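# What the coordinates show
What follows is each chain in one-letter form.
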Amino acid sequence: DQGTGSMLCAWINEDEHLSLIVRQTGGGGISTSGVARHAFEQLCIAEHHLQAALQQQGRGFARSQRWGFITALPERLGTGLSVSVRLKLPRLTAVPEIGSLCAAEGLQITARAHGGVIEVSNRVSLGVSEVELFNLTMAACARLVAADQV
């Protein structure tokens, strides 16, 4: 994409049978939430095309009415979606309670880097839609960023 660093890839038989990954950096003047929303839209488009191709062959993703998408990892039951966001939170990452602050927002820390940078992702994927999960994760990240600026 022009103005952003965008990448779509598929991992096959790594942690899951299939993982679609959209990585978006930069923004070219687009807000952080706009960059994330664009990445989510790209993921939805890719999944739609893949699902359509599978249906043409009489196949599809394993899905239960009760549990949602059946995944190799039980913690990903439901949407099967993991929304990961890299945040720069120099003040909050300096306090030992950063993990519990993230947990209270429904997030888990998945990586740490120098300079107060952490990567967080949603803790739950069962009982919510993909859009709800994305919106909840983005709202939680916005609250953490606001708390870091206080």
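One can find the structure itself at the top, above this paragraph.
How each quantity is defined
- Residues numbered from 1 in each chain as written.
- Predicted model: local features only at pLDDT ≥ 70, side-chain atom pairs only at ≥ 80, totals over all residues.
- Heavy atoms only, no water.
- Salt bridge = Lys/Arg side-chain N within 4 Å of Asp/Glu carboxyl O.
- Helix = DSSP H or I, 4+ residues; strand = E, 2+ residues; numbered from the N terminus.
- Buried < 20%, exposed > 50% of the residue type's maximum accessible area, 1.4 Å probe, protein only.
- Phe/Tyr/Trp six-rings, centres within 6.5 Å; stacked < 30°, edge-to-face > 60°.
- Lys NZ or Arg CZ within 6 Å of the ring centre and 35° of its normal.

## Describing the pattern of salt bridges
One pass over the full model with this rule turns up three salt bridges. Across the pair Glu-119 and Arg-86 runs a salt bridge whose closest N-O atoms are separated by 3.4 Å. In this pair, Glu-119 sits in strand E7 (residues 117–122) while Arg-86 sits in strand E5 (residues 84–88), placing the two residues 33 residues apart along the sequence. Residue class for Glu-119 comes out partly exposed when judged on its relative accessible area of 22%. What makes Arg-86 exposed here is its relative accessible area of 53%. Across the salt bridge formed by Arg-143 and Glu-105, the nearest N and O atoms sit 2.7 Å from each other. Note that Arg-143 is positioned in helix H3 (residues 130–148) and Glu-105 in the loop between helix H2 (98–104) and strand E6 (107–113), a separation of 38 residues in sequence. When its relative accessible area of 24% is taken as the criterion, Glu-105 is described as partly exposed.

## Some details on the packing of aromatic side chains
Tallied over the entire structure, the rule returns two aromatic pairs. A centroid spacing of 4.6 Å and a plane angle of 10 degrees characterise the contact between Phe-40 and Phe-134, whose relative ring orientation is stacked. Within this pair, whereas Phe-40 is found in helix H1 (residues 32–56), its partner Phe-134 is found in helix H3, the two being separated by 94 residues in sequence. One exposure class covers both Phe-40 and Phe-134, and it is buried. Ring centres 6.2 Å apart and planes at 80 degrees place the aromatic pair Phe-61 and Phe-69 in the edge-to-face group. Phe-69 gets classed as buried once you look at its relative accessible area, which sits at 17%. The ring centre of Phe-69 lies 4.5 Å from the NZ or CZ of Arg-63, which sits over that ring.

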